[in-house]
Amino acid sequence: MVHTCSCLRLGENYNSLCLRPTGEEEEYTRPVFECNAMCQCGESCQNRVVQRGLQLRLEVFKTEKKGWGLRTLEFIAKGRFVCEYAGEVLGFNEARRRIQAQTSKDSNYIIVVREHLHNGQIMETFVDPTCIGNIGRFLNHSCEPNLFMVPVRVDSMVPKLALFAATDISAGEELSYDYSGRFHNLPITNREQKYLEEENRLRKPCYCGSPTCASFLPWDSSLFSAPDTCSGSSP
């Protein structure tokens, strides 16, 4: 009798190392729970992908306008796990402090991932790879990216920010993702668009070169709000 891991009772997450889409209307947006130390399965379990770490040959290189970038040296199939965006996990207050301490010349690597729970609450994860991180920090933004980010949990409720291929990617192609997290998620609202237009003077230009380029890098205004107007987790 073949043992079926209890983690797969709601369906398989992967198929031949590639992430399975959840459906036409909410493709790839749900969080993933991989097998962990509590499972009876072994290291060869098909539900252990992100935890195995980087398996592809990638290269850091100098771009023309965007500073350092990351490209693949081999073909990557759609849905394949590429790398993790690793770094320090921060609380809201510390993330805001670091963001507000930056100058216009500083590079910002802090990313905010917001997960909408079934009860209406929002779970926020702040990750800063500036001092402690991996090659994920060299990924540039694109308004038409070839990667998308999914929260993947293994042995902790703090997720690993895993990046998967959104399409087949050829060897030599630069890797990128949407810093705003909107790719494979809901479209921007009119209210948010108004805020973005008002804050363009504070934002950095985007050089992704895609036909749908928004001209500016994504902006999270919540991290620039006054302390008494924002609520969040403590450092």
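Going by the structure above, here's the rest.
What counts, and where the lines are drawn
- Residues numbered from 1 in each chain as written.
- Predicted model: local features only at pLDDT ≥ 70, side-chain atom pairs only at ≥ 80, totals over all residues.
- Heavy atoms only, no water.
- Pairing = 2+ DSSP bridges.
- Helix = DSSP H or I, 4+ residues; strand = E, 2+ residues; numbered from the N terminus.
- Phe/Tyr/Trp six-rings, centres within 6.5 Å; stacked < 30°, edge-to-face > 60°.
- Lys NZ or Arg CZ within 6 Å of the ring centre and 35° of its normal.
- Salt bridge = Lys/Arg side-chain N within 4 Å of Asp/Glu carboxyl O.
- Buried < 20%, exposed > 50% of the residue type's maximum accessible area, 1.4 Å probe, protein only.

**Student:** Explain the pairing of strand S5 (residues 68-72) here, please?
**Tutor:** Looking along a regular strand, one sees the side chains alternate between the two faces of the sheet. For strand S4 (residues 58-62) and S5, the ladder comprises 5 bridges, and the chain directions are antiparallel. Bridge pairing in S5 places Lys62 opposite Trp68. Counting the residues between successive antiparallel strands, the hairpin from S4 to S5 contains 5 residues, one of them, Gly67, with a positive phi of roughly 75 degrees. Looking at chain direction, S5 and strand S13 (residues 174-177) are connected through 2 bridges and run antiparallel. Bridge pairing links Arg71 to Glu174 in S13.

**Student:** In this structure, what is going on with the packing of aromatic side chains? I would like to understand it.
**Tutor:** By convention here, two paired aromatic rings are described through the distance between centres and the angle between planes. Going through the model one piece at a time under the given rule, you end up with 6 aromatic pairs. Taken together, Tyr14, Phe81, Phe148 and Phe164 form an aromatic cluster joined through their ring pairs. Across the ring face of Trp68, the terminal group of Lys62 is positioned such that the distance to the ring centre comes to 4.9 Å. Geometry around Tyr109 places Arg137 over its ring, the cationic atom sitting 4.5 Å from the centre.

**Student:** How should I be thinking about the pattern of salt bridges in this particular structure?
**Tutor:** Side-chain pairs of opposite charge can arise where the charged atoms are in close proximity. Applying the stated criterion across every chain, the model contains 10 salt bridges. Arg20 is the salt-bridge partner of Glu12, the closest N and O atoms lying 3.5 Å from each other. Judged by relative accessible area, which is 33%, Arg20 ranks as partly exposed. Among the ionic pairs, Arg98 bridges to Glu88, the shortest N-O distance being 3.1 Å. Separated by 10 residues along the polypeptide, Arg98 in helix H1 (residues 92-100) and Glu88 in strand S7 (residues 88-90) bring together distant segments of the chain. Of the residues examined, Glu88 reaches a relative accessible area of 25% and is grouped as partly exposed.

**Student:** Even after reading the chapter, I still don't get the sheet that holds strand S10 (residues 140-141), so can you show me in this structure?
**Tutor:** In a beta sheet, neighbouring strands pair by backbone hydrogen bonds and run either parallel or antiparallel. Spatially, the 4 strands line up as an open sheet ordered S4-S5-S13-S10, and their pairing is mixed. In this open sheet, the two strands that pair with only one neighbour each are S4 and S10.

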